[in-house]
Amino acid sequence: MESKNRLGYCEVCDNDVAKYCCPRCEVKTCSLSCVNIHKKELDCDGKKYKTGFKRLENFTDAEMSQDYRLMNEFIEAVGEFKMKTQRICNLSPVFRRLRYQAYQRNIRLQILPKSTLNKNNTSFFNHKINKIFWRIDWTFHGTDVKYTTHKVPEYQKINNIVRDYFTTEFHDDETKEKMQFYVSAGIKGVIFLMKTPYGKYYQLDSEDSILYSLRYKTILEYPEILIVLSIHKDTFSDLLYIENSTFNNNKSTTMT
């Protein structure tokens, strides 16, 4: 009985045993009606206070995880602000169209006029067929092997784009030796991680098209994708970016 009554009695009506504890003000309540009363009387929104003070002796792993998520939200908000305040007049007509069409596809495309990345960016929008063609950089983890593909149609699947990279015939003799583990593993033996502007990575599904892979994600100029052997995936478990729900990303970015 004591365990069932651990919250004591409702602090609003004082009649029934409390079932809920407000994450914000910690008022104990017994029903939805009392919850609403406490919110109205105390002007409480019922949301946990993310930046509240916590003594070191009471600081748990849960608080650490919450602070980490909050920091990522701040970083994303800053990036979002920079993107929204970026002056359109500094962009060429080609990149204005590209960024607008990316936005129409729920892709957050950041463009830095006159930067080295921008000078290398060959991505463009073809208005005649209403398709984006991307420049994509591919880097193989643990090697100095890097390839760039231009004019990649957004409807093409990742595994079709990189298929040749996993064959010995594609590489010269020097590169073959560096790529031997990737050729042996094949596409199914690797994971694809796309770089974010925040120092983390989105995990992509090789079966998805470029268009689907980029939805609800932030890109700086053009996709930069790191290819990693599956046996090394744990190395990046702490570097995966968890999407903010405010951008309605229903596709999980956690590593399985």
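How each quantity is defined
- Residues numbered from 1 in each chain as written.
- Predicted model: local features only at pLDDT ≥ 70, side-chain atom pairs only at ≥ 80, totals over all residues.
- Heavy atoms only, no water.
- Helix = DSSP H or I, 4+ residues; strand = E, 2+ residues; numbered from the N terminus.
- Areas by Shrake-Rupley, 256 points an atom, 1.4 Å probe, with all protein chains shown as cover.
- Core = buried A, V, L, I, M, F, W, Y, C linked by side-chain atoms within 4.5 Å.
- Buried < 20%, exposed > 50% of the residue type's maximum accessible area, 1.4 Å probe, protein only.
- Contact = heavy atoms within 4.5 Å.
- Salt bridge = Lys/Arg side-chain N within 4 Å of Asp/Glu carboxyl O.
- UniProt positions renumbered as here; feature names shortened; annotations may be inferred.
- Phe/Tyr/Trp six-rings, centres within 6.5 Å; stacked < 30°, edge-to-face > 60°.
- Arc of directions from axis to C-beta.
- Polar contact = N/O pair within 3.5 Å; in protein donor to acceptor, adjacent residues only side chain to side chain.

Draft legend 1. Looking closely at the overall build of the protein chain. Counting secondary structure elements, the protein chain contains 8 helices and 10 strands. Within the structure as shown, the protein chain displays about 16100 Å² of accessible surface, and the carbon and sulfur contribution to it stands at 51%.

Draft legend 2. Focus on the nonpolar core. The biggest cluster of nonpolar side chains holds 37 residues, and the ones touching the most others in it are Trp 138, Phe 140, Phe 166 and Phe 192. Elements supplying a minimum of two residues to this core: helix 3 (93–104), strand 5 (131–140), strand 6 (146–153), helix 5 (158–162), strand 7 (190–195), strand 8 (201–204), helix 8 (210–214) and strand 10 (224–229). When residues no more than four places from it in sequence are discounted, the contact partners of Phe 192 are Trp 138, Ile 158, Val 162, Ile 187, Tyr 202, Gln 203, Leu 204, Ser 206, Ile 225, Leu 226 and Ile 227. Grouped together as the second largest cluster of nonpolar side chains are 7 residues, Ile 191, Leu 193, Val 228 and Phe 236 included.

Draft legend 3. Region of interest: the pattern of salt bridges. Taken as a whole and assessed by the stated rule, the structure comprises 6 salt bridges. Ionic pairing is found between Asp 137 and Arg 135, a salt bridge with its closest N-O pair at 3.1 Å. An identical accessibility class is assigned to Asp 137 and Arg 135; each is buried. One salt bridge connects Lys 178 with Glu 174, and the closest N-O pair in it is separated by 3.6 Å. On the criterion of helical spacing, the pair formed by Lys 178 and Glu 174 is a turn pair, its members being 4 residues apart in helix 6 (residues 173–178). Lys 178 sits in the partly exposed class, given a relative accessible area of 29%. Owing to a relative accessible area of 56%, Glu 174 belongs among the exposed residues under this scheme. The network of salt bridges with shared partners includes Arg 135, Asp 137 and Lys 146.

Draft legend 4. Up close: the UniProt feature "domain: HIT-type" (unreviewed entry) in the protein chain. Here, UniProt's "domain: HIT-type" (unreviewed entry) annotation points to residues 10–44. Helix and strand shares over residues 10–44 are 31% and 11% respectively, and the end C-alpha atoms of the span are 17 Å apart.

Draft legend 5. Unusual backbone geometry, seen in detail. Although it is not a glycine, Asn 106 adopts a positive phi angle of roughly 65°. Take Asn 106: it is sitting in the loop between helix 3 and strand 3 (108–110). One non-glycine residue, Tyr 216, lies in the positive phi region at around 65°. If you trace the backbone, Tyr 216 turns up in the loop between helix 8 and strand 9 (218–220).

Draft legend 6. Molecular detail of the packing of aromatic side chains. What the rule picks out here adds up to 10 aromatic pairs. Aromatic side chains Phe 140 and Phe 166 sit 6.0 Å apart centroid to centroid with 65° between the ring planes, which places their arrangement in the edge-to-face category. Residue Phe 140 is found in strand 5, and its partner Phe 166 is found in the loop between helix 5 and helix 6; the two are separated by 26 residues along the sequence. Each member of the pair Phe 140 and Phe 166 is classed as buried. Centre to centre, the rings of Tyr 201 and Phe 236 are 5.8 Å apart; their planes meet at 90°, and the pair counts as edge-to-face.

Draft legend 7. Layout of helix 1 (residues 32–42). Buried within helix 1 we find Cys 34, Val 35 and His 38. Projection of helix 1 onto a plane perpendicular to its axis shows the buried side chains occupying an angular sector of 105°, all on one side. Away from its buried face by more than 90 degrees, helix 1 exposes Leu 32 and Lys 40. One or two steps after helix 1, the chain reaches Asp 43, where phi turns positive at roughly 50°.

Draft legend 8. Seen up close, the side chain of Arg 105. Tracing the backbone shows Arg 105 in the loop between helix 3 and strand 3. A polar atom in the side chain of Arg 105 sits 2.8 Å from the side chain of Glu 154. When near neighbours in sequence (up to four residues on either side) are disregarded, Arg 105 contacts Phe 125, Asn 130, Lys 131, Ile 132, Glu 154, Leu 211 and Arg 215.

Draft legend 9. Examining the side chain of Asp 137 more closely. Locating Asp 137 in the fold gives a position in strand 5. In contact with Asp 137, not counting residues within four places along its chain, are Lys 146, Tyr 147, Thr 148, Tyr 222, Pro 223, Glu 224 and Ile 225.

Draft legend 10. Representation of the environment of Phe 181 within the structure. Relative to the assigned elements, Phe 181 resides in helix 7 (residues 180–185). Placed 48 residues apart in sequence, Phe 181 and Leu 229 show a C-alpha to C-alpha distance of 8.2 Å.

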